[in-house]
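Examination of the molecular architecture
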2 protein chains.
Amino acid sequence: MEASEDLWSAGGAAAAAAAGFGAANVPFGVARRRGGGGGAFCATRFGEVVVDLTALERAGLFSSFQHLGGRDAKDGVFRERAGLTHFMARGRPAWREARAALQRLFATSESVLRDNAALRAKALVHHADVDMLLPTGETGPRGYTDFYSSRHHAENVGEMFRGARTLPAAWLSIPIAYHGRASSVVPTGTPVRRPCGQILPKGEKKPIYSPCRVLDFELEMAAVVGPGTELGSAVGARDASAHIFGLSLMNDWSARDIQKFEYVPLGPFGSKNFATTLGPWVVTLEALEPFACAAEEQSPGPLPYLDEGDARRTFDIDLGVNINGHSACKSNYKHLYWTAEQQLSHHTVTGCSLETGDLFGSGTISGPGKREYGCMLELSWQGSREVALGEGAVGGTRTFIEDGDSVVLTGVARSADGTAAPVSFGECEGTVLPATPLKL
Amino acid sequence: MEASEDLWSAGGAAAAAAAGFGAANVPFGVARRRGGGGGAFCATRFGEVVVDLTALERAGLFSSFQHLGGRDAKDGVFRERAGLTHFMARGRPAWREARAALQRLFATSESVLRDNAALRAKALVHHADVDMLLPTGETGPRGYTDFYSSRHHAENVGEMFRGARTLPAAWLSIPIAYHGRASSVVPTGTPVRRPCGQILPKGEKKPIYSPCRVLDFELEMAAVVGPGTELGSAVGARDASAHIFGLSLMNDWSARDIQKFEYVPLGPFGSKNFATTLGPWVVTLEALEPFACAAEEQSPGPLPYLDEGDARRTFDIDLGVNINGHSACKSNYKHLYWTAEQQLSHHTVTGCSLETGDLFGSGTISGPGKREYGCMLELSWQGSREVALGEGAVGGTRTFIEDGDSVVLTGVARSADGTAAPVSFGECEGTVLPATPLKL
Ligand SMILES: [Ca+2]
Ligand SMILES: [Ca+2]
Ligand SMILES: [Mg+2]
Ligand SMILES: [Mg+2]
Ligand code: NI
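Every value quoted in this text rests on a predicted model; they were computed, and no experiment measured them.

Procedures and definitions
Residues numbered from 1 in each chain as written. Chains lettered and ligands numbered in written order. Predicted model: local features only at pLDDT ≥ 70, side-chain atom pairs only at ≥ 80, totals over all residues. Heavy atoms only, no water. Core = buried A, V, L, I, M, F, W, Y, C linked by side-chain atoms within 4.5 Å. Buried < 20%, exposed > 50% of the residue type's maximum accessible area, 1.4 Å probe, protein only. Contact = heavy atoms within 4.5 Å. Phe/Tyr/Trp six-rings, centres within 6.5 Å; stacked < 30°, edge-to-face > 60°. Lys NZ or Arg CZ within 6 Å of the ring centre and 35° of its normal. Least-squares fit on C-alpha atoms with pLDDT ≥ 70 in both. Disulfide = S-S within 2.5 Å. Donors = N, O, S within 2.8 Å, 3.2 Å for Na, K, Ca; no water. Helix = DSSP H or I, 4+ residues; strand = E, 2+ residues; numbered from the N terminus. Polar contact = N/O pair within 3.5 Å; in protein donor to acceptor, adjacent residues only side chain to side chain. 1 Å grid on protein atoms, 1.4 Å probe; cavity = no way out; pocket = protein on both sides within 12 Å on 5 of 7 lines; lining within 4 Å. Points joined across faces, edges and corners; volume = space filled by probe spheres on them. Nonpolar A, V, L, I, M, F, W, Y, C, P; charged D, E, K, R; others polar. Pairing = 2+ DSSP bridges. Axes fitted to C-alpha atoms, helices over the stretch in contact; angles between N-to-C directions. Buried area = accessible area lost by both parts, 1.4 Å probe. Salt bridge = Lys/Arg side-chain N within 4 Å of Asp/Glu carboxyl O.

1. Observations regarding the nonpolar core
- In this structure, Phe217(B), Met221(B), Leu247(B), Leu288(B), Ile317(B) and Tyr333(B) are the most contacted members of the largest nonpolar core, which totals 59 residues.
- Contacts of Ile317(B), omitting those with residues within four sequence positions, involve Met221(B), Leu247(B), Leu288(B), Ser331(B), Asn332(B), Tyr333(B), Gly411(B), Val412(B), Ala413(B) and Phe425(B).
- Core analysis: the next-biggest nonpolar cluster, separate from the first, contains 58 residues, Met160(A), Met221(A), Cys375(A) and Leu389(A) among them.

Laid out in structure tokens, this is it:
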């Protein structure tokens, strides 16, 4: 029995669920078959299998639905070139309809796809045989914003650089953010070139041009925008979730020495715009419902436009970073002071327009413990202590990231009492290539 | 004789040249007929006339050229939906060829278009009958970066906010910049809504949600990227001009009170992302050649990747800002410490990719004189002195921008000795609409 057929067996469904890719998940992404000449297609994942939604749509499987598209490539929501853009723009009714339709299609009793070998051969592919692309397809998002919403992270930075666990003056009033560089967002699996730039070596007065000496990851999650907003119109935090399609893993690679020299007064620039790696799958808020939990209490309370009232909540999502297969840190999405809804509201408050597929990085997600920090800067405390990789340092030690290192972010939502099946975000991977300085 | 026919008369050509839109200019832009149902088209301007390059290309006028496209909409460089993107991506040989072809087409002796009334009717339209769009067409640029490259401006800011004419530590080493918000870039003529956001009133400890009370313009020019660059590859300053299509006027609207509260430590965000207005035309570097002049000397000298050597130069372009038709300030593009070539090189130094149509705002361009400052913050010295609009304050006075104000940026390159015809950038206009606070 081929792996794809096994999905409809009780054992196959249970294995998929245990791996975090069962009927409880139904994540969305864009994939391309490896090696072949095929184009990008919209996808979901069940167990080990990536499902080609573009092919299923063309086969007419969604044509009777209310919020999804027809069989025509022009009407469909799962088009090739635009990735998930049209689907994400449709909003929550379409997302719920697609989720239910896919859960039904892979139910053990459902024969439509199970018994259609030709369509199965066309639409199902093993996850190891695809490369994942960005949710907006080959062109990537137009907007990418990075927030700074973890209090543990911001206080650690304060202690390291200002000598006290103080926050920037506006930090408790505003979900502080900067505009990132959308052209530098790459999908999981893309190698990352160590950047060169201006750094000021300790004790020197003049900067030098040099490969980055203190390369870092940042463990983040990205919220992906569904329906956009108009320029000049703002969205209150209570209305923001209608614009949030889901969450994905994100590694905001950072060149700490370049950042330190450049960032006053306009914020990080070249130290961040060489690469930001997005995870393979966007998990919808629907799939995360069973893992909803209270968000950190806010004191002082936020201004009314940022006040979520009773709707305020976050999700319990276990996060981790492995370097070359060995654990560097563990954290959790719930350690964020500002929610994605508040971030979205603040992003629009002065009138900025949002577009479908735009990304909001959460900011580095650090927990309270010393092995719960979301970047090497904090884990190694500015390089002052070696971080053991894996139990007993079986993976060696690091202060920062070295050439050849493979950095993998993982995320799984799990229920403490085991009543809900886990929901996985997959792996967000990047391997560091050596710098290639400009020859002048 | 209709205005368009008059272009081929000696008098018409002389009038066009005197107005800065003669054969010496040949700017590029994207336009749409007002009121009609027509789509966007690529355009240039001669005198009072906007020329539809998309129509001329379809009529086969460029099909024999080496670097331009064929008659087919798929091959052409002047397509409807992508605006000038394909043309800008072709690089300088194509730009030079198009410039020469258009100069020839409007020469007094050239009959191809002059004597073709049908094509003239299709392709020529009075400038008052079109709206200008962004160079990349209806979708706008994907990348927008704003630099901070005028020393007078940076020193004025230092004096106002830090009490001394000091520069940020990296200012003389790096053309400092932040990523702006591409979705908020709008074409000239788009009304600008006064933003609401968080401000900290003087003497207060808690921010309030309020309409911006100190709305400002910033007199800038934008460099428009032609051929892009690959992620992970850097461009030295000496090689940068191959990637610069030309320059346009740009108004980086700024909400000073929102900016002041939010910008530490990650830079400006909501205070800038409500609107940035781009001018109507991109003037190519070819058209600016006669106005080349020495750029400010740099001390200390830049690092090798930023060193332009003998190629270092800038352009003498008179700039001005009018509020409701009355002069607020006058400046000049040559007052920039960092050139667009250095900005482009620095933007790529860590590996950031650039895309065709990306915009680099120069930063506010201030000259040394008190009426040469490029924004109200400096002109009114933080609101401490009224700025007279027009000679004898015929236009009233301002400290900052009021609702209903029409702010117009102008730019004309002129030769001091009158040997070269002037080259105009047209007008970059925006009128401020009153704020519409969120109802919660
Ligand atoms: Ca970050
Ligand atoms: Ca600016
Ligand atoms: Mg990044
Ligand atoms: Mg702006
Ligand atoms: Ni597997």
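2. Side note on the packing of aromatic side chains
- Per the stated rule, a full pass over the model turns up 28 aromatic pairs over all chains.
- Ring geometry for Tyr337(B) against Trp338(B): centres 5.4 Å apart, planes inclined by 80 degrees, an arrangement best described as edge-to-face. This pair shows no difference in class: Tyr337(B) is buried, exactly as Trp338(B) is.
- Following the ring pairs from residue to residue traces out a cluster consisting of Phe28(A), Phe62(A), Phe78(A), Phe87(A), Trp95(A) and Phe245(A).
- Above the ring of Phe21(A), the side-chain terminus of Arg45(A) is found at 4.1 Å from the ring centroid.

3. Considering the relation of the copies chain A and chain B
- Here chain A sits on chain B after a turn of 180 degrees about the axis and a move of 0.0 Å along it, with an RMSD of 0.0 Å. As the rotation angle and translation indicate, the two copies are arranged about a two-fold axis. Of the C-alpha atoms belonging to chain A, the one lying closest to the rotation axis is found on Gly267(A), 2.3 Å away.
- A shared binding surface is used by both copies, with 100% of the interface residues of chain A retained as interface residues in chain B.

4. Here's the deal with the state of the cysteines
Residue and element names in this part refer to chain B.
- Applying the stated criterion across every chain yields a total of 0 disulfides over all chains.
- Cys329 supplies the cysteine sulfur nearest to Cys293, a cysteine that is in no disulfide, at a spacing of 19 Å.
- Distance from the sulfur of Cys329, which forms no disulfide, to the nearest cysteine sulfur (Cys375) is 8.5 Å.

5. Some points on the coordination of the magnesium ion (ligand 4)
Residue and element names in this part refer to chain B.
- Within the protein, the atoms that donate to the magnesium ion (ligand 4) are Asp252 (OD), Lys272 (O) and Thr276 (OG1), at distances of 2.0 to 2.7 Å.
- The sequence pattern describing where the donors of the magnesium ion (ligand 4) fall on their chain is D-x19-K-x3-T. Taken together, the residues Asp252 in the loop between β14 (244-251) and β15 (254-255) and Thr276 in strand β16 (residues 276-278) connect sequence positions 24 residues apart.

6. Structural notes on the side chain of Ser254(A)
Residue and element names in this part refer to chain A.
- For Ser254, the location among the structural elements is in strand β15 (residues 254-255).
- For Ser254, the side chain forms a polar contact with the side chain of Lys272, separated by 2.8 Å.
- Not counting residues up to four positions away in its chain, the partners in contact with Ser254 are Val214, Leu215, Asp216, Glu218, Gln259, Ser271, Lys272 and Phe274.

7. Section: empty space enclosed by the protein
All names here are of chain B.
- Scanning the entire structure with this criterion turns up 11 cavities of 30 Å³ or more.
- Considered as a void within the structure, the largest cavity measures approximately 160 Å³ in volume.
- Taken together, the residues of the lining of the largest cavity sort by class into 4 nonpolar, 9 polar and 6 charged.
- Here the second largest cavity is characterised by a volume of approximately 80 Å³.
- If you trace the second largest cavity, you find it lined by Ile244, Leu247, Leu285, Arg313, Thr314, Phe315, Tyr333, Thr339, Ala340 and Glu341.
- Contributing elements (two or more residues each) for the lining of the second largest cavity: β14, β19 (314-315) and α10 (340-348).
- Grouping the constituent residues of the lining of the second largest cavity by class yields 6 nonpolar, 2 polar and 2 charged.

8. A closer look at the sheet that holds strand β5 (residues 130-133) of chain B
Residue and element names in this part refer to chain B.
- Spatial strand order, β4-β3-β2-β1-β5: 5 strands in an open sheet with antiparallel pairing. What marks the edges here is a single partner per strand, and that holds for β4 (124-126) and β5. Put simply, the sheet's adjacent strands are angled 45 degrees from each other on average, direction ignored.
- Pairing of strand β3 (residues 49-52) with β4 involves 3 bridges; the strand directions are antiparallel. Bridging from a neighbouring strand, Val49 pairs with His126 of β4.

9. Describing helix α10 (residues 340-348) of chain A
Residues and elements named next belong to chain A.
- Most of α10 sits inside the fold, with 9 of its 9 residues counted as buried.
- Where α10 is concerned, the buried positions are Ala340, Glu341, Gln342, Gln343, Leu344, Ser345, His346, His347 and Thr348.
- Structurally, α10 contributes buried residues whose contacts are with β6 (144-147), β7 (177-179), β13 (219-225), β14 (244-251), α9 (285-288) and β22 (359-361).

10. Points about the sheet that holds strand β20 (residues 317-323) of chain B
All names here are of chain B.
- Strand order in the open sheet made by the 5 strands is β9-β26-β25-β20-β21, with mixed pairing throughout. Among the strands making up the open sheet, the edge pair consists of β9 (192-193) and β21 (326-332).
- With 7 bridges connecting them, strand β25 (residues 406-413) and strand β26 (residues 423-433) associate as antiparallel partners. From the neighbouring strand, Ala413 faces β26, where its bridge partner is Val423.

11. Some remarks on the coordination of the magnesium ion (ligand 3)
Residue and element names in this part refer to chain A.
- The protein atoms that coordinate the magnesium ion (ligand 3) are Asp252 (OD), Lys272 (O) and Thr276 (OG1), at distances spanning 2.0 to 2.8 Å.
- Ordering the donors of the magnesium ion (ligand 3) by residue number gives the pattern D-x19-K-x3-T. Taken together, the residues span a long stretch of sequence, with Asp252 in the loop between β14 and β15 and Lys272 in the loop between α8 (256-262) and β16 (276-278) at a distance of 20 residues. Accessibility assignment for this pair places Asp252 and Lys272 in one class, buried.

12. So, the interface of chain A and chain B
- Tallying the contact residues gives 64 residues for chain A and 64 residues for chain B.
- Taken over both partners, the interface formed by chain A and chain B buries close to 5,400 Å², and the fraction arising from carbon and sulfur atoms is 64%.
- Our count for the chain A to chain B interface comes out at 2 salt bridges.
- At the boundary of chain A and chain B, one finds 23 residue pairs in polar contact (both at pLDDT 80 or more).
- For the side of chain A that touches chain B, the elements supplying multiple residues, two or more each, are β6, β7, β10 (196-199), β11 (208-211), α8 and α10 of chain A.
- Looking at the side of chain A that touches chain B residue by residue, the classes come out as 37 nonpolar, 21 polar and 6 charged.

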